[in-house]
Amino acid sequence: MTKPVNPQKLDGHASSGHDVPKISLRNLSVTYPSGDGTPVKVVQDVSLDVSPGQFVSIVGPSGCGKSTLLRVLSGLLEPASGTALVDGNPVTHAKDRVGFMFQRDTLLPWASAEENILVGAELARIPPQYIAERVKSLIGFLRLAGFEKNLPHQLSGGMRQRVALGRLLAYEPEIFLMDEPFGALDSQTKSAMGRELLRIWTEHRRSVLFVTHDIEEAVTLSDRVVVLSARPGRVKLDVNVDFERPRDPKVLRKDIRFIEMVDRIWSALDLQPI
Ligand SMILES: Nc1ncnc2c1ncn2[C@@H]1O[C@H](COP(=O)(O)OP(=O)(O)OP(=O)(O)O)[C@@H](O)[C@H]1O
Ligand SMILES: [Mg+2]
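First things first, this report covers the structure right here in the doc. (Residues numbered from 1 in each chain as written. Chains lettered and ligands numbered in written order. Predicted model: local features only at pLDDT ≥ 70, side-chain atom pairs only at ≥ 80, totals over all residues. Heavy atoms only, no water.)

Tallied over the entire structure, the rule returns 5 aromatic pairs. The interplanar angle of 45 degrees and the centroid separation of 5.7 Å between the aromatic rings of Phe55 and Phe210 together place this pair among those described as tilted. With Phe55 in strand β3 (residues 55–59) and Phe210 in strand β8 (residues 207–211), this pair connects stretches of sequence that are 155 residues apart. Of the two residues, Phe55 and Phe210, neither departs from the other in class, the shared state being buried. Centre to centre, the rings of Phe243 and Phe258 are 6.3 Å apart; their planes meet at 55 degrees, and the pair counts as tilted. Here Phe258 lies in helix α8 (residues 256–269) and Phe243 lies in the loop between β10 (235–240) and α7 (249–252), a separation of 15 residues in the sequence. Each residue in the set Phe55, Phe182, Trp201 and Phe210 is aromatic and connected to the rest through ring pairs, giving one cluster. Sitting above the plane of the Phe141 ring, Arg199 keeps its charged end 4.3 Å from the centroid. (Phe/Tyr/Trp six-rings, centres within 6.5 Å; stacked < 30°, edge-to-face > 60°. Helix = DSSP H or I, 4+ residues; strand = E, 2+ residues; numbered from the N terminus. Buried < 20%, exposed > 50% of the residue type's maximum accessible area, 1.4 Å probe, protein only. Lys NZ or Arg CZ within 6 Å of the ring centre and 35° of its normal.)

Next up, the structure:
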């Protein structure tokens, strides 16, 4: 049987073919200068593809280069060697398609919830007449109605992260780079935010690279979990997570396959006994 021609490929752009990974890291190595000026390798020979709409988590020991990988993908950092591609093109051409969410609360402290979301909408260069409507709909979608005029310090930790999610969504990136976005939250709020994120992901089907230290969170949310070794970070394990969605964390955590998968990832992390 002949393979159907992908019409989006006919115009010569490698950019939107279904067989082109959304994100592609090829033999990526990254070095930083150390205190005495000699380069230190923090990421070594990492190759990793993320398909369109795929949710991939990255776990690995502290300092192994997880944030560094996201920085390269957002075009903020040049690798020492190898390539980082978005839709088959260098990331430097795709900066406006990539959205970042950090663990740290990066909301503007003097701006209300709604103004913080507005920042994302303005960056997205949405026609001005649609901006207010977009922000309002996101406030509703993220269940922040009634709190839109509150400043960040007048919101709970979970609400602040929902505002940060709203800012990310308002920007409408094609790729979500999320660096421990719920790391500072307690476990119940974290789990509620995971549900929120999956609700968004199910609706928008963006490619997600999600960094976390929480292995159960990684397995619960993701299609794949990639384990990096200690610095310099290399891909040590790449696990396909094939549990059916929607997933109920209460059921999943008792599933023997889930327990074994979490255990396999823990073992690959090779943490020292305490
Ligand atoms: N700007 C920089 N200059 C020099 N070294 C850096 C710089 N940024 C990070 N590093 C070093 O690179 C290594 C990887 O850092 P990175 O922040 O990517 O780790 P990480 O895997 O995200 O760790 P964590 O889980 O603690 O967030 C660390 O050893 C860190 O000290
Ligand atoms: Mg980090």
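Turning next to the pairing of β10. With 5 bridges connecting them, strand β9 (residues 224–228) and β10 associate as antiparallel partners. When the bridges of β10 are listed, Val227 appears paired with Leu237. (Pairing = 2+ DSSP bridges.)

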